[in-house]
Amino acid sequence: MSSREDEALALAAVDALTGQLALAPKPGLPDPRDLGARATRKDHCSLRWSARALAPGLAAMAAAARRTGEPSPELRAELGAIGRCTEHSVGLAGGGHRGALWTLGLLVAAAALDPGARSADVATAAKKIAAHRDRRAPRRPSRGSSVSAKYGAAGARGEARAGFPHVRRALDALARSRTAGADESEARLDALLTVMSTLQDTELLYTAGPLGLRHVQAGARGVLEAGGTTTEAGREALLALDADLHTRAWSPRGSAGLLAGALFVDALPVTAGPRAA
């Protein structure tokens, strides 16, 4: 794999993230309907702009994986260091995307280890990377890890160490919806709702507690049980859920990041195009 292919993987990951941002309506999440800040306190245009700041860091993660050649503790430590630098760059560009960076960074590195791999193999390789402890990580606990410890939720680390089961669920939902005749936006929204229906989202646990999390999960299941976004009943249920979460200021950010990961894996294998002049 060449540096051009590293860049191609990074750009494919950014495209997956901006593709997730472009969906509407997304319950409690920023989308193109936003004219200003919503429950996430992030303007949609700002999030799209800052997403592009992920590209250099993701390309560096792909290069690190290519150079290391195996899911080793050394690779895990290097990915962590690159991720912290990338968080700083994204913060300067407007912020956001921390959860997506964790998911996409591991999946990009896993894809770089085996350029011909598809979904199951990429998730397995990412699981092997995440199994190692980041020895250079700051000792202070993050908000997500504190919430995970308090409520016994898997959290972002648990999701990765389990081989991203919700990324795989989203991929299955995409395939089912496409086969059933949904257009691409509908298929992606159904995939998002599938993740929301079962994910123990630490962001929701922090803002809404266990009862709030179960409320959101039940709402997402209600949309899917009504037929999903391709049906009139499902669409009405989706709009009702969106209005409800907007009113409560609850945002299922963890689900959005995992959908971005699924969209990236769905686009594999990525072929490098000609380098721009």
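Predicted, not measured: the structure shown is a model, and the values here were computed from it.

Peer 1: Hey, could you run me through unusual backbone geometry in this one?
Peer 2: Negative phi values dominate among residues other than glycine, just as trans dominates among peptide bonds. Along the chain, Ala24 connects to Pro25 via a cis peptide bond; the corresponding omega equals -5°. As for its placement among the helices and strands, Pro25 is situated in the loop between helix 1 (3-21) and helix 2 (44-51). Residue Leu268 is joined to Pro269 through a cis peptide bond whose omega torsion reads -5°. Secondary-structure assignment places Pro269 in the segment after helix 13 (253-266). Positive phi, normally seen in glycine, also occurs at Phe164, with a value near 50°. Relative to the elements of secondary structure, Phe164 occurs in the loop between helix 8 (155-161) and helix 9 (165-179). The backbone of Ala249 shows a phi angle near 60°, a positive value even though the residue is not glycine. Relative to the helices and strands, Ala249 is located in the loop between helix 12 (232-248) and helix 13.

Peer 1: How do you make sense of helix 3 (residues 55-68) when you look at a structure like this?
Peer 2: Given 3.6 residues per turn, any residue in an α-helix points the same way as the ones three and four places further on. In this model helix 3 runs 20 Å from its N-terminal to its C-terminal C-alpha over 14 residues, within 8% of the 20 Å that 1.5 Å per residue would give. Within helix 3 the residues assigned to the buried category are Ala55, Gly57, Leu58, Ala59, Met61, Ala62, Ala63, Ala64 and Ala65.

Peer 1: So what exactly am I meant to see when it comes to the pattern of salt bridges here?
Peer 2: Two side chains with opposite charge may pair up if their charged atoms get near one another. According to the stated counting rule, one finds 10 salt bridges in the structure shown. Among the ionic pairs, Arg178 bridges to Glu184, the shortest N-O distance being 2.7 Å. Overall, Glu184 belongs to the partly exposed group, its relative accessible area being 31%.

Peer 1: How should the confidence of the model for the protein chain be read in this particular structure?
Peer 2: Should pLDDT be low for a region, the predicted coordinates there are not to be read in detail. In the predicted model, the protein chain carries a mean pLDDT of 90, and 93% of its residues have values of at least 70. When the criterion is pLDDT under 50, residues 35-41 qualifies, and its contacts beyond four places in sequence or with other chains add up to 18 contacts.

Peer 1: Could you clarify how one ought to interpret the nonpolar core in this entry?
Peer 2: Proteins that are soluble and globular tend to have nonpolar side chains buried together. In this structure, Leu9, Leu58, Leu106, Phe164, Met196, Phe264 and Val265 are the most contacted members of the largest nonpolar core, which totals 77 residues. Sort the elements by how many residues they give to this core and helix 5 (residues 98-113) lands first, with 10 residues. With sequence-adjacent residues up to four places away left out, Val265 is seen in contact with Leu107, Ser119, Val122, Val167 and Leu171.

Peer 1: Explanation requested: a positive patch on the surface in the structure shown.
Peer 2: Together, Arg133, Arg135, Arg136 and Arg139 line one region of the surface with positive charge. Following the sequence through the fold, Arg135 ends up in the loop between helix 6 (119-130) and helix 7 (143-151). For Arg135, a relative accessible area of 45% corresponds to the partly exposed category.

Peer 1: In this structure, what is going on with the environment of Leu106? I would like to understand it.
Peer 2: For Leu106, the position within the fold is in helix 5. The exposure class assigned to Leu106 is buried, which follows from its relative accessible area of 4%. Between the alpha carbons of Leu106 and Ile129 there is a distance of 7.3 Å; along the sequence they are 23 residues apart. Ignoring anything within four residues of it in the chain, the contact list for Leu106 reads Leu79, Ala126, Ile129, Ala130, Ala160 and Phe164.

Peer 1: Any chance you could explain the packing of aromatic side chains here in plain terms?
Peer 2: The way to describe two aromatic rings as a pair is by their centre distance and the angle between their planes. The final tally for this structure, using the stated rule, is zero aromatic pairs. The ring centre of Trp102 lies 6.0 Å from the NZ or CZ of Arg157, which sits over that ring.

Peer 1: In this structure, what is going on with helix 5? I would like to understand it.
Peer 2: For helix 5, built from 16 residues, the straight-helix expectation of 22 Å at 1.5 Å per residue is met to within 8% by its first-to-last C-alpha distance of 23 Å. Counting buried positions over the 16 residues of helix 5 gives 12, a clear majority of the element. Taken together, the buried positions of helix 5 are Ala100, Leu101, Thr103, Leu104, Gly105, Leu106, Leu107, Val108, Ala109, Ala110, Ala111 and Ala112. If you follow the buried residues of helix 5, they end up packed against helix 1, helix 3, helix 4 (73-92), helix 6, helix 8 and helix 13.

Peer 1: Looking at this model, I keep getting lost on the packing of helix 10 (residues 184-196) against helix 13. Mind explaining?
Peer 2: The description of two helices packed together rests on the angle between their axes and the distance between the axes. For the pair helix 10 and helix 13, the least separation of the axes is 9 Å and the interaxial angle reads 130°. Comparing their axes, helix 13 and helix 10 come out oblique. Handedness of the helix 10/helix 13 crossing: right-handed. Judged by residue contacts, Arg188, Ala191, Leu192, Val195 and Met196 of helix 10 engage Ser255, Ala256, Leu258, Leu259 and Leu263 from helix 13.

Rules used in this analysis
Residues numbered from 1 in each chain as written. Predicted model: local features only at pLDDT ≥ 70, side-chain atom pairs only at ≥ 80, totals over all residues. Heavy atoms only, no water. Helix = DSSP H or I, 4+ residues; strand = E, 2+ residues; numbered from the N terminus. Expected span 1.5 Å × (residues − 1). Buried < 20%, exposed > 50% of the residue type's maximum accessible area, 1.4 Å probe, protein only. Salt bridge = Lys/Arg side-chain N within 4 Å of Asp/Glu carboxyl O. pLDDT = per-residue confidence, 0-100. Contact = heavy atoms within 4.5 Å. Core = buried A, V, L, I, M, F, W, Y, C linked by side-chain atoms within 4.5 Å. Patch = residues over 30% accessible without salt bridge, like charges linked within 9 Å, V, L, I, M, F, W, Y side chains within 5 Å. Areas by Shrake-Rupley, 256 points an atom, 1.4 Å probe, with all protein chains shown as cover. Lys, Arg positive; Asp, Glu negative; His and termini not counted. Charge placed at Lys NZ, Arg CZ, Asp CG, Glu CD. Phe/Tyr/Trp six-rings, centres within 6.5 Å; stacked < 30°, edge-to-face > 60°. Lys NZ or Arg CZ within 6 Å of the ring centre and 35° of its normal. Axes fitted to C-alpha atoms, helices over the stretch in contact; angles between N-to-C directions. Parallel < 35°, antiparallel > 145°, perpendicular 65-115°, else oblique. Left-handed = near helix turned anticlockwise from the far one by under 90°.

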